[in-house]
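Chain by chain, the residues:
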Amino acid sequence: MHAARNIALCTKDCLCLFICPTGATDTETGQIDFEKCIDGCRLCVDACPSHALYLVFDRYPEKEQKSHSLGSALASVAENKVTQEAICKALEQKGGPGEKLAKALAVSNRILAEDCTRESNYMLPQTEHVQVLLAELAERKAEKDFPYEAVEYLQKEYS
Amino acid sequence: MGKAIIYSDGALAAICSNLEKACDKQMKPVAASQFSQLSDYFNTMSPPVEADSFSELVGLIDSDISSGYAEVERIAKEEGDRGALRCMTWGKKVTSIHKSILGRYEKQGDALLEQNNLYVCEACGFIAIAKQVPALCPICKAPSSRFVQIS
């Protein structure tokens, strides 16, 4: 586990600078230097008066897999939501007075679809389920404009 | 893991944009941008839809409420899956609000939008039609900072 900083909460009291044994908090990126950060140390997390620092797992315990029937039912709601999103995007393209409403509904439907995918095993990038998905996506390498390098990077990052 | 579920490109776009957010939360901006590229790709790959009016949404919304969400809820209860139940509780509420907004728009027409702004809660998808950003999301209780204004 390493520390991460929520810059929106940081009040620049900078107690993390004094307390960190390795200087991992002393960066100009707004973020912690993950390479220097000591696994599970949490001194900065406890020292920060603004709760702007927290620990992130490097490896999460594998979650229990959803049953196939639950996964399918969630996938079918997600599919229905992306269909609605597509309709809304088409209405947005049409322009006119309803354009903004169409856009709001498209954004909302995407959020609802994402929530369903989170609950059907795609919550965290560092899971076997996502690895399986990435392997499937890699098979689409030959498609025009397919961002294969992105798949390669993610397979390596989360292997 | 059971049989694999086949997702459309539109759903793959949502899976990838969600994983992009997950990487952002873990402060992994490079990984996030890879998922973002994938999501963009699937967005452009999903076939364009012909649509003329908002009424085309109503049937889909009704089927979400009466069968889609109901089915997930039934299985999630059976399996004691609290995460999926939580997702259904919020999703159903937000979806019902979509329906009521479309009803209001049908009655009041463009006047509804001319006098108000549109805000979407990024935590749960709730849409507010109001002059000012809500202080609190009525569905998921997220603060006003979680709302985006649609422009």
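Quick notes on the rules
- Residues numbered from 1 in each chain as written.
- Chains lettered and ligands numbered in written order.
- Predicted model: local features only at pLDDT ≥ 70, side-chain atom pairs only at ≥ 80, totals over all residues.
- Helix = DSSP H or I, 4+ residues; strand = E, 2+ residues; numbered from the N terminus.
- Buried ≥ 20, exposed ≤ 12 C-beta atoms within 10 Å, placed from the backbone.
- Contact = placed C-beta atoms within 7 Å.
- Arc of directions from axis to C-beta.
- Domains from an automatic or database assignment.
- Expected span 1.5 Å × (residues − 1).

1. Concerning the overall build of chain B
Counting its secondary structure elements, chain B contains five helices and three strands. C-alpha atoms of chain B, sized along the principal axes, occupy 50 × 40 × 35 Å. Put simply, chain B has 151 residues, and 36% of those count as buried. Long-range pairs, those at least 24 residues apart, make up 42% of the contacts in chain B with a sequence separation of at least 6.

2. Focus on helix α5 (residues 128-138) of chain A
Working note: α-helix, 3.6 residues per turn, so residues spaced by three or four point in the same direction. Of all the residues in α5(A), the buried ones are V130(A), L133(A), L134(A) and L137(A). Down the axis of α5(A), the buried set is contained in an arc of 100 degrees. They therefore lie on one face. The secondary structure elements touched by the buried residues of α5(A) are α6 (148-157) of chain A together with α1 (9-25) of chain B.

3. Overview of the domain arrangement of chain B
Taken as a whole, chain B is organised into domain 1 (9-45), domain 2 (49-109) and domain 3 (116-151). Between the C-alpha centres of domain 1 of chain B and domain 2 of chain B the distance comes to 24 Å.

4. Some words on helix α2 (residues 29-45) of chain B
Here α2(B) spans 24 Å end to end across 17 residues, near enough to the 24 Å set by a 1.5 Å rise per residue. Turning to α2(B), its buried residues are A31(B), Q34(B), F35(B), S36(B), L38(B), S39(B), Y41(B), F42(B) and N43(B).

5. What about the environment of S159(A)?
Structurally, S159(A) can be placed in the segment after α6. Spatially, the C-alpha atoms of S159(A) and Q126(A) are 7.8 Å apart, while their sequence positions differ by 33 residues.

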